Amino acid sequence: MRCIRALITLLCPFVLALPICAQAPESKPEAKPRYETRAEHDPDGIGKFYMGREIAHVMGHEAAGWLERPEREKEEQPTKLLDALKLHPGDVVADIGAGSGYLTFRLADRVGPRGKVLAVDIQPEMLALIRERMKARMVNNVEPIRGTEKDPKLPANAVDLILMVDVYHEFEYPVEMADAMIRALKPGGRLVFVEYRLEDPKVWIKLVHKMTEKQVRKEMAVQSVKWKQTLDVLPAQHIVVFEKVGKAVPGEKKE
């Protein structure tokens, strides 16, 4: 009996200490939200920020005529842009934010009948304009696609080049869109940003509708692409080119 009491006396300090020693695991700090909203912001922006950059309002279909303005050739020199892309016959190109199709049909000429241009827009009115022009011009290598704010609805591992001309800065969900676009690229496929130069005070475009090369590269640094080159052959825009790295992403092609 004395032995039992002695044993209990010896064990009690350890038994009593158990609740103290068994502390709850430390909770991890909450992840910082991907996007930030601010009450005070540029009136041309939506008040939503990503990596310090305010996202701009989307240009509505009512302004389609501005996309087709005659002076655009002189102001932006799209022929120089197309030359810089070095497209090949048979290429599959996605024109994101295709709008009225100003560049879509020029791209279609470059890739030829064996190639294809996926004309993506979130506004059905813009896609209707493209379909009308396809019919009038008897163009068969353009496919209009209605995307969403988070997904351009492109087939996986199927696109040689994705082109965004003055449009990325308007994406309400730039991370989700970038993820989806990169999934659509073939390994080694190119992701091309054409944005008005924020670095140049002489560029007349509204502030939130311009981007610096540094900001574009900063936002793509978290994606599975690598910067390839920046071309400054255009009067007011820079062409920032990235290349998909890694193997093909598993996924079925969408019909």
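Residues numbered from 1 in each chain as written. Predicted model: local features only at pLDDT ≥ 70, side-chain atom pairs only at ≥ 80, totals over all residues. Heavy atoms only, no water.

Novice: Explanation requested: helix α7 (residues 174–184) in the structure shown.
Specialist: Each α-helix turn comprises 3.6 residues. Residues three or four places apart therefore point the same way. Here α7 lies mainly inside the structure; nine of its eleven residues are buried. Regarding α7, the residues found buried are P174, V175, E176, M177, A178, A180, M181, I182 and A184. (Buried < 20%, exposed > 50% of the residue type's maximum accessible area, 1.4 Å probe, protein only. Helix = DSSP H or I, 4+ residues; strand = E, 2+ residues; numbered from the N terminus.)

Novice: How should I be thinking about the side chain of D151 in this particular structure?
Specialist: Structurally, D151 can be placed in the loop between β6 (142–146) and β7 (159–165). What makes D151 buried here is its relative accessible area of 18%. A distance of 2.8 Å separates the side chain of D151 from the backbone nitrogen of K153, its partner in a polar contact. (Polar contact = N/O pair within 3.5 Å; in protein donor to acceptor, adjacent residues only side chain to side chain.)

Novice: Looking at this model, I keep getting lost on the environment of I46. Mind explaining?
Specialist: In this structure, I46 sits in strand β2 (residues 45–50). I46 sits in the partly exposed class, given a relative accessible area of 31%. Each C-alpha atom, one on I46 and one on E172, is 8.6 Å from the other, the two residues being 126 residues apart in sequence. Non-local contacts of I46, meaning those with residues more than four positions away in its chain, are made with H41, E54, I55, A56, H57 and E172. (Contact = heavy atoms within 4.5 Å.)

Novice: Is there a simple way to think about the nonpolar core in this case?
Specialist: Generally speaking, soluble globular proteins have nonpolar side chains that are buried together. The biggest cluster of nonpolar side chains holds 30 residues, and the ones touching the most others in it are I96, L154, I162, M164, L191 and F193. Residue assignment for this core shows that the elements contributing at least two residues are β4 (92–96), β5 (116–121), β7, α7, β8 (185–197), α8 (213–220) and β11 (237–244). Counting residues per element, this core draws most heavily on α7, which supplies six residues. Ranked by size, the runner-up nonpolar core spans 29 residues in total, among them V93, L107, A108 and V194. (Core = buried A, V, L, I, M, F, W, Y, C linked by side-chain atoms within 4.5 Å.)

Novice: Please clarify how helix α5 (residues 104–111) should be interpreted in this entry.
Specialist: Regarding α5, the residues found buried are T104, F105, L107, A108 and V111. Each buried residue of α5 sits inside an arc of 155° when the element is viewed along its axis, so together they form one side. Where α5 is buried, its residues contact α4 (78–85), β4, β5, α6 (124–137), β6 and β7. One or two residues past the end of α5 sits G112, with phi positive at roughly 75°. (Arc of directions from axis to C-beta.)

Novice: Would you mind showing me how to read the pattern of salt bridges here?
Specialist: All chains considered together, the criterion is met by 16 salt bridges. Residues R110 and D83 are paired through a salt bridge, measuring 2.9 Å at the closest nitrogen-oxygen approach. With R110 in helix α5 and D83 in helix α4, the pair connects residues that are 27 residues apart, well separated along the chain. We classify R110 as partly exposed; its relative accessible area is 29%. Since its relative accessible area comes to 44%, D83 is described here as partly exposed. With a shortest N-O distance of 3.2 Å, D160 and K186 are connected by a salt bridge. Pair noted here: D160 is in strand β7 and K186 is in strand β8, with a separation of 26 residues, a long-range link. We classify K186 as partly exposed; its relative accessible area is 30%. Among the ionic contacts, a cluster of salt bridges with common partners joins R69, R72, E75 and E76. (Salt bridge = Lys/Arg side-chain N within 4 Å of Asp/Glu carboxyl O.)

Novice: Help me out: how do you make sense of the packing of aromatic side chains in this one?
Specialist: Any two aromatic rings considered together are summarised by their centre-to-centre distance and by the angle between their planes. Going through the model one piece at a time under the given rule, you end up with six aromatic pairs. Centre to centre, the rings of F193 and F242 are 5.6 Å apart; their planes meet at 80°, and the pair counts as edge-to-face. With F193 in strand β8 and F242 in strand β11, this residue pair connects regions lying 49 residues apart in the sequence. Their ring planes at 70° and their centres at 5.8 Å tell us that Y196 and W204 sit as a pair that is edge-to-face. Following the ring pairs from residue to residue traces out a cluster consisting of Y168, F171, F193 and F242. Taking NZ or CZ as reference, K48 lies 4.3 Å from the ring centre of Y35, over its face. Over the ring of W227 we find R217, and its NZ or CZ is 3.9 Å from the ring centre. (Phe/Tyr/Trp six-rings, centres within 6.5 Å; stacked < 30°, edge-to-face > 60°. Lys NZ or Arg CZ within 6 Å of the ring centre and 35° of its normal.)

Keep in mind these values describe shape, not function.
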